[in-house]
Amino acid sequence: MSRLPAWLGWAALGRRRDVALRPFRAADADALARIHAQSFRIGWDAAEFERLIANRLSRGMVATDGPTGAPVGFILLSGVAPEMEILSIAVDGRRRGTGIGLALVQAAFGTLAAEGYRTVFLEVEDGNAAALRLYARTGFREIGRRPGYYRDKAGAPVAAVTMRRDIA
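What this report covers is the structure whose coordinates are included nearby. (Residues numbered from 1 in each chain as written. Predicted model: local features only at pLDDT ≥ 70, side-chain atom pairs only at ≥ 80, totals over all residues. Heavy atoms only, no water.)

## A word on helix α4 (residues 129-137)
Piece 1. Listing the buried residues of α4 in full gives A131, L134 and Y135. An end-on view of α4 places all buried positions within 95 degrees of arc, on one side of the element. Exposed side chains of α4 directed beyond 90 degrees from the buried face belong to R133 and R137.
Piece 2. Where α4 is buried, its residues contact β4 (83-91), α3 (100-114), β5 (119-125) and β7 (157-166).
Piece 3. Immediately downstream of α4, the backbone of G139 shows phi near 95 degrees, a positive value. (Buried < 20%, exposed > 50% of the residue type's maximum accessible area, 1.4 Å probe, protein only. Helix = DSSP H or I, 4+ residues; strand = E, 2+ residues; numbered from the N terminus. Arc of directions from axis to C-beta. Contact = heavy atoms within 4.5 Å.)

## Digging into the nonpolar core
Piece 1. By size, the foremost hydrophobic cluster in this structure holds 30 residues, and its most contacted members are I75, L104, Y135 and F140.
Piece 2. Secondary structure elements with two or more residues in this core: β1 (19-23), β2 (58-65), β3 (71-80), β4, α3, β5, α4 and β7.
Piece 3. With eight residues, the single largest contributor to this core is α3.
Piece 4. Apart from residues lying up to four places away in sequence, L104 is in contact with L21, M61, V62, A63, G73, F74, I75 and I89.
Piece 5. Judged by nonpolar contacts, the second largest core, of 13 residues, contains L32, A46, L52 and V62. (Core = buried A, V, L, I, M, F, W, Y, C linked by side-chain atoms within 4.5 Å.)

## A word on the environment of R51
Piece 1. Relative to the helices and strands, R51 is located in helix α2 (residues 46-54).
Piece 2. For the pair R51 and A26, spaced 25 residues apart in sequence, the C-alpha to C-alpha distance is 8.8 Å.

## Some details on the layout of surface pockets
Piece 1. Quantified by volume, the largest pocket comes out at close to 1,300 Å³.
Piece 2. Forming the walls of the largest pocket are 38 residues, and the residues nearest its centre are S39, F40, I89, N128 and A131.
Piece 3. Broken down by secondary-structure element, the contributors of at least two residues to the lining of the largest pocket are α1 (29-39), β4, α3, β5, α4 and β6 (141-151).
Piece 4. Looking at the lining of the largest pocket, the element that brings in the most residues is β4, giving seven residues. (1 Å grid on protein atoms, 1.4 Å probe; cavity = no way out; pocket = protein on both sides within 12 Å on 5 of 7 lines; lining within 4 Å. Points joined across faces, edges and corners; volume = space filled by probe spheres on them.)

## Focus: the pattern of salt bridges
Piece 1. With the rule as written, the count across this model stands at twelve salt bridges.
Piece 2. In this structure, R94 engages D92 in a salt bridge whose closest nitrogen and oxygen atoms are separated by 2.9 Å.
Piece 3. The class for R94 is exposed, based on a relative accessible area of 70%.
Piece 4. Since its relative accessible area comes to 2%, D92 is described here as buried.
Piece 5. Between R145 and D126 there is a salt bridge, and its shortest N-O distance comes to 2.9 Å. Here R145, found in strand β6, pairs with D126, found in the loop between β5 and α4; they are 19 residues apart in sequence, far enough to count as distant.
Piece 6. Its relative accessible area of 31% is what places D126 among the partly exposed residues.
Piece 7. A single network of salt bridges, built from pairs that share partners, joins D18, D65 and R95. (Salt bridge = Lys/Arg side-chain N within 4 Å of Asp/Glu carboxyl O.)

## Re the packing of aromatic side chains
Piece 1. All told, the structure shown has five aromatic pairs when counted by the stated rule.
Piece 2. With a centroid separation of 5.4 Å and an interplanar angle of 85 degrees, the aromatic rings of F49 and F74 are classed as edge-to-face. Here the residue F49 occupies a position in helix α2, and F74 occupies one in strand β3, the gap between them amounting to 25 residues. The two residues F49 and F74 agree in class, both being buried.
Piece 3. Centroid distance Y135 to F140: 5.6 Å. Interplanar angle 70 degrees. Geometry classified as edge-to-face.
Piece 4. Put simply, the rings of W44, F49 and F74 touch in pairs and so form one group of aromatic residues.
Piece 5. R146 extends its terminal NZ or CZ atom over the ring of Y149, reaching a point 5.8 Å from the ring centre. (Phe/Tyr/Trp six-rings, centres within 6.5 Å; stacked < 30°, edge-to-face > 60°. Lys NZ or Arg CZ within 6 Å of the ring centre and 35° of its normal.)

If you want it as structure tokens, here you go:
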């Protein structure tokens, strides 16, 4: 999201009043890589985030510790209107469960709708209970599965759940 809608500004989020949202930027790459590595078995490095941030098809938002603080969460999306895909969403392990992920998804929906996007897709590992709860809470519905798409810690195959939500 290159621009935040006027209604969002530096809104306080979740149960903590010191978290704010802003568009992502290249300088966030190291912090986003750290948060991603905490959240996924195979983390993306800073160079991958720099590439994604620079891509004109990417949109993203960062939750920060106050208006000028360090990133504590992010949402990264990519697509071409009228469709967008959530590539990744992650929150610092110490800040999970405080509403940051929910706020990121909801703010992204508002910005995407204002930009003319109509549908958001995503893919999530079956068994990722926290992510599945978040996506259900924000109106996503399952549209398919890809058996064996992921591998768990022991190397066993795990399905990818594909989901969709219309935003306009």
